[in-house]
Amino acid sequence: MITNAQRNDCVNVCNRVVQVRTIAALLYPAMMPVGSTCAGLAIRGSFLFRDIRPVVFWAPMIILVSTVVASLTNLEALLGGATALNSWILANFSALFSWGSFAFVVTCVWAFFSPLGRVTIGGVGAKPLLTKWSWFSVTLCTTIAIGILFWATAEPIFHKHAPPAIAGLQPDTRDAVEFAMSTLYMHWSFTPYAIYTVPGLTFALVYYNLDRPYSLSGPLSLVLGKWVQGFGSQIIDAVALFALIAGIAATLGVGTMSVSGGVARLSGLEPGPLLQGTIMITIVCAFMVSSATGLQRGIRLLSDINTKFFFLLCAFVFVAGPTRFMLGLGWDGLVQYVSTFLPRSLGLGAGHDEVWSQAWTVFYWANWLAWAPITALFLGRIAKGYTVRAFIMVNMVVPSLFAIVWMTVFGGASLFIDGLPGDPVMTAMDATGPEAAIYEVLSHYPISTLLMAAFVLLSLVSYITAADSNTEAIAGVCLKTGDHGNAEGVDDAPSSVWIKLVLGILIAASAWVMTAFSGIDGVRMMSNLGGFPALMIVLLLNVALILLGTKHLAALKAMSPGTGEKKPTP
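Residues numbered from 1 in each chain as written. Predicted model: local features only at pLDDT ≥ 70, side-chain atom pairs only at ≥ 80, totals over all residues. Heavy atoms only, no water.

### Some remarks on the overall build of the protein chain
Working step 1: Tallying secondary structure elements over the protein chain gives 19 helices and two strands in all.
Working step 2: Here the protein chain holds 570 residues, and 59% of them are scored as buried.
Working step 3: Taking as baseline every contact in the protein chain between residues at least 6 positions apart, the subset at least 24 positions apart corresponds to 81%. (Helix = DSSP H or I, 4+ residues; strand = E, 2+ residues; numbered from the N terminus. Buried < 20%, exposed > 50% of the residue type's maximum accessible area, 1.4 Å probe, protein only. Contact = heavy atoms within 4.5 Å.)

The following block contains the structure:
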């Protein structure tokens, strides 16, 4: 007979074991068993990381850590090698980046108007995972990250003061200003969102309608055959995973500089490693809380808040700023964007400057592509229950229109203020870097201090939301097939939670080291290089989508209502 005292002693010992094992898990995640203890911790005799796909998880991790170490020990050699490889890629494949990105736009238009557009992801009657508003807000925040916040005010100033020489534009003229606005539309609207839409839609259809694994090998097997399954699947996913992790680390480095610049301006603190480290810790803590709560709680809630915040800030800057100038410049820029879309997309025409295009347009396509393959897994996963046509609207059309409005407002405000005596925005950028552009613009508005504080908060929440969504996809692809066969259950798997936390800490640590001590050039270069293999993957996924809309269209429709399973053959 066990007494109450003995039972309490047992409970205390078990709780102490749980505490010790939790601390050990933070230090050595791969050694923590999974199962169920009297405190609710799983201890069923297997190790927590036994369920991971080793090549997919460890290969990118080792490469990323090695890159950070190399940047600390011999940054010059690292950058030299990366720059040489990057230059080789640009010299030989710039046209492929441009033509491939244009092909994604064309494929999206075809899919929207073709019979494929009527197919329901998951089968007729499939129950959506998210409401339409939540689906849109999660998608928007996943794909925006922090880039649109950072570059909306900084990029047009570069183009205004240094337009491509071959185009015959004179700096600081109305023509240069219109070119700057049309370039914002080019770099941030339909083409980049098509880069996300093609792989996301392809994966969604193959995963839900053809019952393929939660891996890029599923859709790629339609093109390449069975060799991409098994070990080949791990190699493909590992390549895509490295591209995304490097891209997230690079974006976090840029975002940290932007946020630290705002905090320093508001508080008078000296921007440097300590301030940046504090910002990193804040992001990681918020990220951990959101990751632990999963899709239906953390990501959805953050996305809802973030999207409404976007709308409110954009509306205020529009109404309180040079509204007529924004509208007039926006219309002129939009006309120029539409009229030059084809030649600029394909790198044709007498006004095409190859050097400028590689420095800006191809760089952006590579950056978007680095995120696309793994992000596609998340975008595809949350689209269950909606049609292909709705997927294209939510993932490409509506976000592109939002981007055009955002760039019209913030790009227009930046160009207007820079047109004041002394070129104030360019002067601020020359003094402290491109992160100063947005704060210089906001300083000319009423309640500027409150606006700057709101923008800093928006930047933090925006990055946390995007990183959370993408690590959701990373966690899913790192798990073995048996663990993520059910998309709705990935959030709650203990392995999934710990993978997200480990990756979040590693990405934040890498970004902090590179930003605080070595600059982010090394990681940003690796992100750009990640765009090249990602381009090859997305091109193949584009072919797979065309096959789905033609050769495999009947199989997509042969689904039992709402089950995601094929109907029995009569």
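### Let's talk about the packing of helix 4 (residues 147–161) against helix 13 (residues 388–418)
Working step 1: Helix 13 packs onto helix 4 with a crossing angle of 50° between their chain directions and a minimal axis gap of 9 Å. The angle between helix 4 and helix 13 places the two elements in the oblique class. For the element pair helix 4 and helix 13, the recorded crossing hand is right-handed. Counting all contacts with helix 4, which are made through Ile-148, Leu-149, Ala-152, Thr-153, Pro-156, Ile-157, Lys-160 and His-161, the residues of helix 13 involved are Phe-402, Ala-403, Trp-406, Met-407, Phe-410, Gly-411, Ser-414, Leu-415 and Asp-418.
Working step 2: Of the residues contributing to the contact of helix 4 with helix 13, the split by class is eleven nonpolar, four polar and two charged. (Axes fitted to C-alpha atoms, helices over the stretch in contact; angles between N-to-C directions. Parallel < 35°, antiparallel > 145°, perpendicular 65-115°, else oblique. Left-handed = near helix turned anticlockwise from the far one by under 90°. Nonpolar A, V, L, I, M, F, W, Y, C, P; charged D, E, K, R; others polar.)

### Here's the deal with the nonpolar core
Nonpolar side chains in soluble globular proteins tend to end up buried together.
Working step 1: The biggest cluster of nonpolar side chains holds 165 residues, and the ones touching the most others in it are Phe-97, Leu-116, Leu-205, Val-317, Trp-406, Phe-410 and Ile-474.
Working step 2: The element contributing the most residues to this core is helix 12 (residues 354–381), with 16 residues.
Working step 3: Residues within four places of Trp-406 in sequence aside, it is in contact with Ile-148, Leu-149, Ala-152, Phe-310, Leu-313, Cys-314, Gly-411 and Leu-458. (Core = buried A, V, L, I, M, F, W, Y, C linked by side-chain atoms within 4.5 Å.)

### Let's talk about the packing of aromatic side chains
Working step 1: Throughout the structure, instances matching the rule amount to 33 aromatic pairs.
Working step 2: Ring centres of Phe-158 and Trp-360 lie 5.7 Å apart, and the angle between their planes is 50°; this geometry places the pair in the tilted category. Of the two residues, Phe-158 sits in helix 4 while Trp-360 sits in helix 12, which places them 202 residues apart along the sequence.
Working step 3: With relative accessibility at 30%, the residue Phe-158 sits in the partly exposed group.
Working step 4: Classification of Trp-360 as buried rests on a relative accessible area of 15%.
Working step 5: Considering the side-chain rings of Trp-360 and Tyr-364, the 6.2 Å spacing of their centres and the 35° angle between planes classify their relative orientation as tilted. (Phe/Tyr/Trp six-rings, centres within 6.5 Å; stacked < 30°, edge-to-face > 60°.)

### Structural notes on helix 3 (residues 132–144)
Working step 1: The terminal C-alpha atoms of helix 3, which comprises 13 residues, lie 18 Å apart, in line with the 18 Å expected from a rise of 1.5 Å per residue.
Working step 2: The buried fraction of helix 3 amounts to eleven of the 13 residues, a majority that puts the element mostly inside the structure. (Expected span 1.5 Å × (residues − 1).)

### Details of unusual backbone geometry
Working step 1: The phi torsion at Asp-172 lies on the positive side, around 60°, for a residue other than glycine.
Working step 2: Within the element layout of this structure, Asp-172 appears in the loop between helix 4 and helix 5 (174–188).
Working step 3: A relative accessible area of 43% means that Asp-172 is categorised as partly exposed.
Working step 4: The phi dihedral of Ile-447 is positive, around 45°, even though this residue is not glycine.
Working step 5: Inspection of the secondary structure assignment puts Ile-447 in the loop between helix 15 (436–442) and helix 16 (448–478).

### Thoughts on the pattern of salt bridges
Working step 1: Counting across every chain of the model gives six salt bridges.
Working step 2: Note that Glu-178 is salt-bridged to Arg-174, the shortest N-O span being 3.1 Å. In this pair, Glu-178 and Arg-174 both sit in helix 5, four residues apart, roughly one turn of the helix.
Working step 3: Residue Lys-308 is joined to Asp-304 by a salt bridge in which the shortest nitrogen-to-oxygen separation is 3.3 Å. Taken together, the residues span about one helical turn, with Lys-308 and Asp-304 both in helix 10 (residues 295–320) at a distance of four residues.
Working step 4: Linked by salt bridges that have partners in common, Arg-174, Glu-178 and Asp-332 make up one network. (Salt bridge = Lys/Arg side-chain N within 4 Å of Asp/Glu carboxyl O.)

### Some details on a nonpolar patch on the surface
Working step 1: Together, Phe-231, Ile-235 and Val-239 make up an exposed nonpolar region whose accessible area comes to about 270 Å².
Working step 2: Here Ile-235 shows up in helix 8 (residues 231–267).
Working step 3: Residue classification places Ile-235 among the partly exposed residues on the basis of a relative accessible area of 41%. (Patch = residues over 30% accessible without salt bridge, like charges linked within 9 Å, V, L, I, M, F, W, Y side chains within 5 Å. Areas by Shrake-Rupley, 256 points an atom, 1.4 Å probe, with all protein chains shown as cover.)

### Quick word on helix 16
Working step 1: Compared with the 45 Å implied by 1.5 Å per residue over 31 residues, the 44 Å span of helix 16 between its first and last C-alpha is a close match.
Working step 2: Burial analysis of helix 16 places 27 of its 31 residues in the buried class, the great majority of the element.

### Re the confidence of the model for the protein chain
Working step 1: Mean pLDDT over the protein chain: 80, with 80% of residues reaching 70 or higher.
Working step 2: Within the protein chain, helix 13 carries the highest mean pLDDT (97), whereas strand 1 (residues 33–35) carries the lowest (34).
Working step 3: Across residues 1–47, confidence stays below pLDDT 50; counting only partners more than four residues off in sequence or on other chains, it has 49 contacts.
Working step 4: For the stretch residues 560–570, pLDDT sits under 50, and the model shows 20 contacts to residues farther than four places along the chain or on other chains. (pLDDT = per-residue confidence, 0-100.)

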